[in-house]
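Remarks on the overall topology
Each chain, written out:
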Amino acid sequence: MKWIYIEDAGKHVGEEVEIRGWLFNKRSSGKIHFLIVRDGTGFMQAVVVKSEVSDEVFDLYDELTQESSIIVQGVVRADKRAPGGYELTVRNIQLVHRAIDYPITKKEHGIGFLLPRRHLWLRSRKQWALMRLRNEVEMAIEDFFQNEKFVRVDAPILTPSACEGTTTLFKTDYFGEPAYLSQSGQLYMEAAAMALGKVYCFGPAFRAEKSKTRRHLMEFWQAEPEVAWATLDDIMDLAENLIAYIVERVLETRQEELKLLERDISKLEAVKKPFYRITYTEAVEIVNKAGLKMEWGEDFGGDEETVLAQQFDKPILVHRYPAKVKPFYMKRDPENPDLALCVDVLAPEGYGEIVGGGQREDDYETLYNRMVEENMPIEDYEWYLDLRKYGSVPHSGFGIGLERTLRWIAGIHHIREAIPFPRLLEKIYP
Ligand code: 4AD
Ligand code: MG
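Residues numbered from 1 in each chain as written. Chains lettered and ligands numbered in written order. Predicted model: local features only at pLDDT ≥ 70, side-chain atom pairs only at ≥ 80, totals over all residues. Heavy atoms only, no water.

1. With respect to the overall build of the protein
This is how the line gets drawn: Put simply, DSSP marks the helices as runs of H or I at least four residues long and the strands as runs of E at least two long, and each gets a number from the N terminus on. The rule is simple: take the accessible area with a 1.4 Å probe, protein chains only, and divide by the maximum for that residue type; under 20% is buried, over 50% is exposed, in between is partly exposed. Here, residues are in contact when the closest pair of their heavy atoms is within 4.5 Å. Accessibility throughout is a Shrake-Rupley quantity obtained with a 1.4 Å probe, and a residue counts as covered only by protein chains that appear here. When charges are tallied, Lys and Arg are placed among the positive residues and Asp and Glu among the negative ones, while His and the ends of the chain are skipped. To locate a charge, the coordinates of NZ of Lys, CZ of Arg, CG of Asp or CD of Glu are taken.
A count of helices and strands for the protein gives 13 helices and 19 strands. Expressed as lengths along the three principal axes of its C-alpha atoms, the size of the protein is roughly 85 × 55 × 40 Å. When the 430 residues of the protein are sorted by exposure, 53% land in the buried category. Within the protein, contacts between residues separated by at least 24 positions form 65% of all contacts whose residues are at least 6 apart in sequence. Approximately 20,500 Å² of the protein is accessible, and the part contributed by carbon and sulfur atoms is 50%. Treating the 56 positive side-chain charges of the protein as one cloud and the 70 negative ones as another, the clouds have centres 7 Å apart.

2. A few points about the site of ligand 1
The criterion, for reference: To be near a molecule or strand, a residue needs just one of its heavy atoms within 4 Å of it. Polar contact is the term for a pair of N or O atoms within 3.5 Å; when the atoms are in protein, one must be able to donate a hydrogen and the other to accept it, and sequence-neighboring residues count only if both atoms are side-chain atoms. Gly is placed with the polar residues, together with every amino acid not listed as nonpolar (Ala, Val, Leu, Ile, Met, Phe, Trp, Tyr, Cys and Pro) or charged (Asp, Glu, Lys and Arg).
Around ligand 1 there are 24 residues in total, and Glu164, Gln186, Glu224, Glu353 and Ile354 lie nearest to it. Between ligand 1 and Ser184, the relevant distance is 2.9 Å, taken from a nitrogen atom to a side-chain nitrogen or oxygen of the residue. At 2.6 Å from an oxygen atom of ligand 1 is found a side-chain nitrogen or oxygen belonging to Glu353. Compared with its free state, where it exposes 630 Å², ligand 1 has 94% of that area covered by protein. Listing elements by their share of the shell around ligand 1, those giving two or more residues are strand S12 (219-228), strand S18 (352-359) and strand S19 (395-401). No other element matches S18, which puts five residues into the shell around ligand 1. Here the shell around ligand 1 is built from residues that sort into seven nonpolar, nine polar and eight charged.

3. Description of the sheet that holds strand S14 (residues 316-319)
Our working rule: Any two strands between which DSSP finds at least two bridges are classified as paired. Geometry is summarised by axes, namely lines fitted to C-alpha atoms with helices restricted to the contacting stretch, and by angles between N-to-C directions that run from 0 to 180 degrees.
Taken in spatial order, the eight strands make up an open sheet running S7-S11-S12-S19-S18-S17-S14-S13, and their pairing is mixed. Every other strand in the sheet has two partners, leaving strand S7 (151-152) and strand S13 (276-279) as the edge strands with one partner each. Where S13 meets S14, four bridges bridge the pair, whose relative direction is parallel. Each bridged residue has a counterpart across the sheet, and for Arg277 the counterpart in S14 is Leu317. Sheet contacts for helix H4 (residues 125-147): S7, strand S11 (198-206) and S12; angle to S11, the most-contacted strand, approximately 155°.

Shown next as structure tokens:
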């Protein structure tokens, strides 16, 4: 018998096939049992009719508990009413392993119950859809950069120094020396851009964020392009193109998942270029007009970002923040040295920042002096300063947070569901 995946059922209408999976749900009218089977690629209804199977197979129904693993044989039928469009008329069922007392039932469970059971929670329908969407976003990011002829360069995870400030570093021991889990691959991408022109890395980043929010993870994934000779404007165009591509791709390929997540598709369909571009100064005015109080020079907090992002129906590129609230590597605006040549992209509908980046300081003296001013351990960054000694060029880049982007696209409340195994404040199980 031919073993097929549920997502391929449409290619086997009328054929007798085998599905290998788990029992998701069941109900019965007495003479007909309805089993919802999931196999990782989809969900399918299998119909067991008393007159069409042996008594043994028909009576197996009582043994079939939620999440028991089963092999089901039967004939694929097209049925418009069936979820997915196809169902299986069962000939035979084999119970492979009987699950006893699966903890996640159809009733509503609280997050405190679900999080420690993340290893099982992933089997739920919504989580299934989220992980498939995540995969699509990851592949879209890869394809975008590959189509644009970027070279993927993998950044190290163990690093001798900080990229995004020392307050959120995870420290570890490296043969008696301190080492840190990478907060960002950026500094290494700057080196790689001088070797390869257009590069990106895509991997995990670590931040010991000491606050509990719906946007912060301790471990998240970031794609970070870096482009030699690119200015702030160039990199803003790149971010806009990337985000537009991701959304378009997801709309094209992941309608089923978006539907399961009850995402309002029209909101995503509106995400077409050009996006909005405003300065930090304009953004502060908008926030104040919306009723929040904030001074020029402060960074946006979670509330300010939410309010700002609620005013727009497309992503907003906020550029030229006060240099004081941004890291040491940002190039200053030649027209106003209090400003950094940087950009944050905020997702609309209140979701907030998904991208951060900008143009890098490429002058040796300026960068060196700033690092001294900020009391940075210069000896750890000699290699980074070297890039300004040997053929320095203007260059720019950004980081896009995978889970932030997915949270927005999927329309979910909390970022913890956007990653298979979230690392949260003081929580690392499972
Ligand atoms: O704005 P961030 O801190 O910028 C950087 O790390 C730069 N070095 C990137 C670069 O220019 N190459 O982080 C970039 C993005 C944020 O916009 C956000 O999407 C995500 O990474 N991010 C987080 N996502 C989840 N949890 C956290 N704690 C995050 N911190 C940043
Ligand atoms: Mg940022």
